[in-house]
Amino acid sequence: MREGSAGERIAEDFGDIVRRESRAVVYGELTAGLGPALDEATYPVLSGLARGGPKSAARLGHDIGLDRSVVSRHADRLQAAGLLRREPDPCDRRANLLVLTDEGTRVVTRMRARLAERFDAYLAHWPPAEAEAFARALHRFTQEALLAREP
């Protein structure tokens, strides 16, 4: 077993998972063959909208860690491909919300299925009880970490 506290070991592994290079490879695999507007750069925009619903480019950028101008540029590509649309914000008519189209929702569903298949493949050599225990523990860890961030 590696040295260090559980937190230290998790921090090291988490760092490996979230490295830009790791994300780019995974996002590239998830979007492969789904159209020229979909790639590792635009994936977070679609995924963020699917997870959080319609949002302004600024709010979505904050949520996914990208600048508003970068989100807007990616949204232009996704809109041209018919995967999202812009609608007036009912709370501020000067602003627009980014909204997934039905096709955008279908693409996100396909990408999420690919991601689940990838994780299932990673866990295929694990005993089923261990894989299930890991899934439960990761869910608990994520939920508790998210709750700790709330004011």
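Residues numbered from 1 in each chain as written. Predicted model: local features only at pLDDT ≥ 70, side-chain atom pairs only at ≥ 80, totals over all residues. Heavy atoms only, no water.

A.B. asks: Please explain the overall build of the protein chain as it appears in this structure.
C.D. replies: Helix and strand counts for the protein chain stand at seven helices and two strands. Reading the secondary structure of the protein chain in the N-to-C direction produces α-α-α-α-α-β-β-α-α. Across its three principal directions, the C-alpha atoms of the protein chain cover 55 × 40 × 25 Å. When each of the 151 residues of the protein chain is scored for burial, the buried share is 26%. Counted over contacts in the protein chain with a minimum sequence separation of 6, partners at least 24 positions apart contribute 44%. For the protein chain, the separation between the mean place of its 23 positive charges and that of its 23 negative charges on side chains is 5 Å. (Helix = DSSP H or I, 4+ residues; strand = E, 2+ residues; numbered from the N terminus. Buried < 20%, exposed > 50% of the residue type's maximum accessible area, 1.4 Å probe, protein only. Contact = heavy atoms within 4.5 Å. Lys, Arg positive; Asp, Glu negative; His and termini not counted. Charge placed at Lys NZ, Arg CZ, Asp CG, Glu CD.)

A.B. asks: Quick question: what am I supposed to make of the pairing of strand β1 (residues 84–89) here?
C.D. replies: For a regular strand, side chains alternate in direction, first toward one face of the sheet and then toward the other. Here β1 runs beside strand β2 (residues 92–100); their pairing, made up of six bridges, is antiparallel. Following the sheet pairing, D89 is matched in β2 by D92. Remark: two residues form the turn of the hairpin made by β1 and β2, two consecutive strands paired antiparallel. (Pairing = 2+ DSSP bridges.)

A.B. asks: Looking at this structure, I do not really get the packing of aromatic side chains. What am I missing?
C.D. replies: Applying the stated rule across the entire model yields three aromatic pairs. Ring geometry for F119 against Y122: centres 6.1 Å apart, planes inclined by 55 degrees, an arrangement best described as tilted. One end of the pair, F119, and the other, Y122, are both in helix α6 (residues 102–123), three residues apart, so they sit about a helical turn from each other. Residue F119 is classed as partly exposed on the basis of its relative accessible area of 44%. (Phe/Tyr/Trp six-rings, centres within 6.5 Å; stacked < 30°, edge-to-face > 60°.)

A.B. asks: It is not clear to me how the side chain of T42 should be interpreted in this structure. Could you clarify?
C.D. replies: Relative to the helices and strands, T42 resides in the loop between α2 (20–31) and α3 (43–52). Among the polar contacts made by the side chain of T42, one reaches the main-chain carbonyl oxygen of A37 at a distance of 2.8 Å. Dropping the residues within four chain positions of it, T42 is found in contact with A37, H74, R77 and L78. (Polar contact = N/O pair within 3.5 Å; in protein donor to acceptor, adjacent residues only side chain to side chain.)

A.B. asks: Would you mind going over the nonpolar core with me for this structure?
C.D. replies: As a rule of thumb, nonpolar side chains are buried together in soluble globular proteins. Judged by nonpolar contacts, the single largest core of 22 residues is most densely connected at V45, L46, L78, L98 and M111. Counting only elements with at least two residues in this core, the list comes to α2, α3, α4 (57–64), α5 (68–80), β2 and α6. For this core, the element with the most residues is α3, which contributes four residues. When near neighbours in sequence (up to four residues on either side) are disregarded, V45 contacts L60, I64, V71, H74, L78 and L84. (Core = buried A, V, L, I, M, F, W, Y, C linked by side-chain atoms within 4.5 Å.)

Note that all results are geometric; they support no functional claim without further evidence.
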